Amino acid sequence: MTQNNPSIGGSEAPEGPPIGLGIVGLGMAGAVMVQAAAVHPGFAVRAAADPHPAPREAFRRDFQARAYEDVAELCADPAVEVVYVATPHQFHAAHAMLAAGRGKHVILEKPMALTLADCDAIIAAVERNNVWLIVGHTHAFDPAVRLMRRMIAGGELGRLGMINSFNYTNYLYRPRRPEELDTAKGGGILFNQVPHQIDTVRLLAGGLVRSVRAHANALDPSRPTEAGCMALLQFENGAAASLVYSGYDHFDSDEWHFGVGERGSLKPLSYGAARRALENAHDESKMRTEMFAYGKPSQGLPKNQPHFGVTIVTCAEGDMRASANGVTIYGRNGIQEVAIPPAPGIAGRREVLDDMHAALRLGRKPVHDGRWGKATLEVALAILRSAREGREVALQHQVAVDDGPR
Ligand SMILES: NC(=O)c1ccc[n+]([C@@H]2O[C@H](COP(=O)([O-])OP(=O)(O)OC[C@H]3O[C@@H](n4cnc5c(N)ncnc54)[C@H](O)[C@@H]3O)[C@@H](O)[C@H]2O)c1
């Protein structure tokens, strides 16, 4: 396998026959990736695995493809070249290592794992078996974030000073399984949501976080995991980022993002709807499984760009932020919107697939590899630690962005 520079540029024309993709976990994330891969010219959806029969049946019906009960059977399927792991967090390490051990390339959902030791074990398995690993999707794959990274790296707005990322959602009151409300088992926003923000600001600021000082809160004793946090990240290059996340289902920051939801579809704002729905739930775990499993009517492809709250980048010569359809630059010569041309598929997931395609067909090392994923988890764990111990925490496993040929 050759290792050229990575690129965080746009999509490229696919070369060679479509790559066989297997999906492990036909829940919320799996369903979106199935939809994205089904329209990606470089991939063919070949198989899926999930212990629940209903999404398996729906998948078989839609793709006339194999749907296994056991992930090991999917990993033994010769038609599958790349395995996308979208099972609950606590299974990520085992499933990624199983796939790598069978010689499959791996796309692994965030968080990469629950501990740095598990990240190391995944990295070792990937290297031993000479396969590619991409940790994602995160919103760092969003076209608007990539465009802002290219502008920062190109120096168009001068030196980067700071990034402000904030997101207010209904996270805590979406239906949850018990472990999702237990931080020790990977529950809460530090494993589930904030990794999107960490990955994004690391990409924008070059990757190397020097230290973290943070506050985190769990304000609802009936759902005792962190749903709020504020963190200050200092980067080696002198830039800083502030991350704010609140998942208490009060203010919704999509109101400040043109009324566009996370995946890029217009979103009717309905105050407190998640809490009201939960009050009427008889069996929350069952509701969680049934609400999001593959096979529900598709929402159609989003018309706007995806985003994760509001991200404002401040450079010496101006500010910029993601807009509904591109990036708005507030520069010396006024305000200018750089539109992102519409492209087929689901933005964000498409770029994950593009990067795996480029790795397999062009030997191009992805930015979001195992060491990158570990560095993002390190920051999430440092936020938790800083909040608990009331002090600044230094980072030790950070890796830099290689912007590659531009
Ligand atoms: N990148 C994103 O924007 C994004 C969005 C949603 C979820 N995720 C990530 O995807 C992962 C799954 O989250 P979700 O919300 O889709 O959860 P989910 O509960 O909706 O789906 C998980 C699926 O995995 C299946 N599963 C459980 N054990 C399995 C096993 N041993 N083998 C095969 N399948 C198994 C479950 O039956 C379920 O269908 C999480 O780690 C989450 O962080 C990422």
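Our subject is the structure listed above.
Treat the numbers as computed from the prediction; the structure is a model and nothing was measured.

Caption draft 1: Examining the site of the ligand more closely. By nearness alone, 24 residues border the ligand, and Ala29, Asp50, His89, Lys110 and Arg177 come closest of all. Between the ligand and His89, the relevant distance is 2.8 Å, taken from an oxygen atom to a side-chain nitrogen or oxygen of the residue. Within the contact set of the ligand, a nitrogen atom lies 2.8 Å away from a side-chain nitrogen or oxygen of His137. Contact with the protein chains hides 89% of the accessible area of the ligand, taken as 830 Å² for the molecule alone. For the shell around the ligand, the secondary structure elements donating two or more residues are α1 (28-38) and α4 (92-101). Per-class residue counts for the shell around the ligand are 9 nonpolar, 9 polar and 6 charged. Mapped onto the domain boundaries, the shell around the ligand takes at least three residues apiece from domain 1 (19-139 + 346-370) and domain 2 (141-344 + 377-394).

Caption draft 2: Main features of helix α8 (residues 194-205). Its 12 residues place the ends of α8 16 Å apart at the C-alpha level, agreeing with the 16 Å of an ideal helix rising 1.5 Å per residue. The buried fraction of α8 amounts to 12 of the 12 residues, a majority that puts the element mostly inside the structure. Within the span of α8, buried status applies to Val194, Pro195, His196, Gln197, Ile198, Asp199, Thr200, Val201, Arg202, Leu203, Leu204 and Ala205. Gly206 sits one or two residues past α8 and shows a positive phi near 100 degrees.

Caption draft 3: Examining the packing of aromatic side chains more closely. The final tally for this structure, using the stated rule, is 7 aromatic pairs. A centroid spacing of 6.1 Å and a plane angle of 70 degrees characterise the contact between Phe59 and Tyr294, whose relative ring orientation is edge-to-face. Residue Phe59 is located in helix α2 (residues 53-63), and its partner Tyr294 is located in the loop between α10 (284-292) and β11 (310-315); the two are separated by 235 residues in the primary sequence. The burial state of Phe59 is the same as that of Tyr294; both residues are buried. Residues Phe166 and Tyr168 carry aromatic rings whose centres are separated by 6.5 Å and whose planes lie at 75 degrees to one another, so their mutual orientation is edge-to-face. Ring-pair connections join several aromatic residues into one group, and the members of that group are Phe166, Tyr168, Phe251 and Trp256.

Caption draft 4: Structural context of the sheet that holds strand β6 (residues 133-135). Reading across the sheet, the 6 strands line up as β3-β2-β1-β4-β5-β6 and stay open at both edges, with parallel pairing between neighbours. Sheet topology places β3 (66-68) and β6 at the edges, where each strand pairs with a single neighbour. Neighbour-to-neighbour, the strand axes of the sheet open up by a mean angle of 20 degrees, direction not taken into account. Sheet topology note: the strand β1 (residues 19-24)/strand β4 (residues 82-85) ladder contains 4 bridges and is parallel. Bridged to Ile23 within β4 is Tyr84. Strands β1, β2 (43-49), β4, β5 (105-108) and β6 of the sheet are contacted by helix α11 (residues 349-362), whose axis makes an angle of about 160 degrees with β5.

Caption draft 5: Fine view of the pattern of salt bridges. Under the definition given, this model contains 23 salt bridges. The salt bridge involving Arg371 is made with Glu127; its shortest N-O contact spans 2.7 Å. Here the residue Arg371 occupies a position in helix α12 (residues 370-389), and Glu127 occupies one in helix α5 (residues 116-128), the gap between them amounting to 244 residues. Note on Arg371: relative accessible area 41%, which makes it partly exposed.

Caption draft 6: Quick peek at the side chain of Gln197. Position of Gln197 relative to the elements: it lies in helix α8. On the basis of relative accessibility, which here comes to 1%, the residue Gln197 falls in the buried class. A polar atom in the side chain of Gln197 sits 3.0 Å from the side chain of Ser165. Separated by 3.1 Å, the side chain of Gln197 and the backbone oxygen of Val244 make a polar contact. Not counting chain neighbours up to four residues away, the residues in contact with Gln197 comprise Ser165, Phe166, Asn167, Leu243, Val244, Tyr245 and Phe308.

Parameters at a glance
Residues numbered from 1 in each chain as written. Predicted model: local features only at pLDDT ≥ 70, side-chain atom pairs only at ≥ 80, totals over all residues. Heavy atoms only, no water. Near = heavy atom within 4 Å. Polar contact = N/O pair within 3.5 Å; in protein donor to acceptor, adjacent residues only side chain to side chain. Areas by Shrake-Rupley, 256 points an atom, 1.4 Å probe, with all protein chains shown as cover. Helix = DSSP H or I, 4+ residues; strand = E, 2+ residues; numbered from the N terminus. Nonpolar A, V, L, I, M, F, W, Y, C, P; charged D, E, K, R; others polar. Domains from an automatic or database assignment. Expected span 1.5 Å × (residues − 1). Buried < 20%, exposed > 50% of the residue type's maximum accessible area, 1.4 Å probe, protein only. Phe/Tyr/Trp six-rings, centres within 6.5 Å; stacked < 30°, edge-to-face > 60°. Pairing = 2+ DSSP bridges. Axes fitted to C-alpha atoms, helices over the stretch in contact; angles between N-to-C directions. Contact = heavy atoms within 4.5 Å. Salt bridge = Lys/Arg side-chain N within 4 Å of Asp/Glu carboxyl O.

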